[in-house]
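A closer look at the structure
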Amino acid sequence: MNSKDVTIFDVHNHIHETPSEFEVLDVKGHTAYCVQATKYVDWDDIARLKDSYRSIIIPAFGIHPWFVKRVLSGEIPPTWADELRKMLTQHHAILGECGLDKAARNPETHQVYPFEPQIQLLETQVSIAHDLDIPVSLHCVRAFGALSD
C-alpha cells in the first residue's frame with residue numbers, strides 16, 4: 001500500500017465481525033482500514049481478511065481488556081503471547097485493540113472486569129509491541145492514570 005495513493009485512513013474498525021459489510025470496502029485503494037481484533041478468536045479472521053484485501057487492510061492483533069477473564073480461565077491458551085508475536089510479525093500488523101477499562105461490566109454478571117489482570121495483560125502485549133517496534137492501538141476508559149504509569 002502506497003500512502004501517497006490513500007486519501008482516507010480508517011484507523012479503528014471491527015468489520016471482520018460483519019462479513020456481509022465487506023462489500024463496502026474501497027477496493028480501489030483510496031481508503032486503508034485498520035481492522036482491530038478484540039478477542040483471540042478474531043486473529044485468524046483478520047489474517048484472512050488481510051489476505052483477501054491485501055492492499056487496503058492493516059491488521060491489528062491483540063486482546064481487549066473486556067476479555068481478560070478468558071485469559072485467566074484458560075479459554076485463551078497459555079501460549080497466546082507467543083502466538084500474538086507470531087501473528088504480528090507474520091502479517092506486518094500493529095498491536096490492537098488492547099488497553100485498560102475501569103468502567104465496563106460483564107454483560108452476564110454485571111461485575112466490573114478485574115483491573116489488575118488487565119494491567120498484566122496490557123503489559124505483556126505492550127512489551128511484545130516494544131520488542132517488535134510496532135504501533136499500538138489502545139482502548140482506555142477511566143484508567144488514564146494507570147495507563148500513564
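As the structure is a computational prediction, the values presented were derived from the model and not from experiment.

Attention now goes to the nonpolar core. Counting residues in each nonpolar core, the largest one holds 32 residues, and the members touching the most others are Val35, Trp43, Phe61, Ile63, Trp80 and Leu84. Secondary structure elements with two or more residues in this core: β2 (31–36), α1 (43–52), β3 (57–61), α3 (80–90), β4 (94–101) and α4 (115–132). Take this core: its biggest share by element is 5 residues, from α4. Sequence-distant contacts of Ile63, that is, excluding residues within four places in its chain, are made with Thr38, Trp43, Val71, Ile76, Trp80, Glu97, Cys98, Leu121 and Gln125.

What follows concerns the environment of Ala143. Mapped onto the elements, Ala143 comes out in the loop between β5 (136–141) and α5 (144–148). Sequence separation of Ala143 and Phe9 is 134 residues, and the distance between their C-alpha atoms is 27 Å. Excluding its chain neighbours within four sequence positions, the residues that come into contact with Ala143 are Leu100, Lys102 and Phe115.

Okay, the sheet that holds strand β1 (residues 8–13) next. Strand order in the open sheet formed by 5 strands is β1-β2-β3-β4-β5, with parallel pairing between adjacent strands. Of all the strands in the sheet, just β1 and β5 have a single pairing partner and so form its edges. Put simply, the sheet's adjacent strands are angled 20° from each other on average, direction ignored. Inspection of the sheet shows β2 paired to β3 by 4 bridges, in the parallel sense. Looking at the pairing, Cys34 lines up with Ile58 of β3. Set on the sheet, α4 makes contact with β4 and β5; between it and β4 the angle comes to about 160°.

It is worth spelling out the layout of surface pockets at this point. Of the voids in this model, the largest pocket is the one considered here, and its volume is about 240 Å³. Contributing to the lining of the largest pocket are Trp66, Phe67, Lys69, Arg70, Ser73, Glu75, Arg105, Asn106, Pro107, Glu108 and Tyr113. Counted by class, the lining of the largest pocket contains 4 nonpolar, 2 polar and 5 charged residues. Roughly 170 Å³ of volume is contained in the second largest pocket. Contributing to the lining of the second largest pocket are Leu100, Ile119, Leu122, Glu123, Val126, Leu138, Ala146, Leu147 and Asp149. Looking at the lining of the second largest pocket, the elements with two or more residues in it are α4 and α5. The element that contributes the greatest number of residues to the lining of the second largest pocket is α4, accounting for 4 residues.

Criteria and thresholds
- Every chain is numbered independently, its residues counted from 1 as its sequence is written.
- With pLDDT at 70 or above as the cut-off, local features in this predicted model cover only qualifying residues; side-chain atom pairs require 80 or more to be listed or tallied, and sums for whole chains, interfaces and linings still use all residues.
- Derived side-chain values reflect all non-hydrogen atoms in the structure, with water molecules and hydrogen atoms excluded from consideration.
- Joining through side-chain atoms within 4.5 Å is the link that ties buried Ala, Val, Leu, Ile, Met, Phe, Trp, Tyr and Cys residues into a set, and such a set is a nonpolar core.
- Buried, partly exposed and exposed residues are distinguished by accessible area as a fraction of the type maximum, computed with a 1.4 Å probe on protein chains only: under 20%, between the cut-offs, and over 50%, respectively.
- Here a helix means four or more residues in a row that DSSP labels H or I, a strand means two or more in a row labelled E, and each is numbered from the N terminus.
- By the convention used here, residues are in contact when the closest approach between their heavy atoms is within 4.5 Å.
- For two strands to pair, DSSP has to find at least two bridges joining them.
- Axes here refer to lines fitted to C-alpha atoms; in helices the fit is confined to the stretch in contact. Angles between the N-to-C directions go from 0 to 180 degrees.
- Put plainly, a pocket is an open set of points on a 1 Å grid over the protein atoms alone with protein on both sides within 12 Å along at least five of seven lines, a cavity is a set where a 1.4 Å probe fits but cannot get out, and a lining residue has an atom within 4 Å of a point.
- Grid points are joined across faces, edges and corners, and a volume is the space filled by probe spheres set on the points.
- Polar here means any residue other than Ala, Val, Leu, Ile, Met, Phe, Trp, Tyr, Cys and Pro, which are nonpolar, and Asp, Glu, Lys and Arg, which are charged; Gly is therefore polar.

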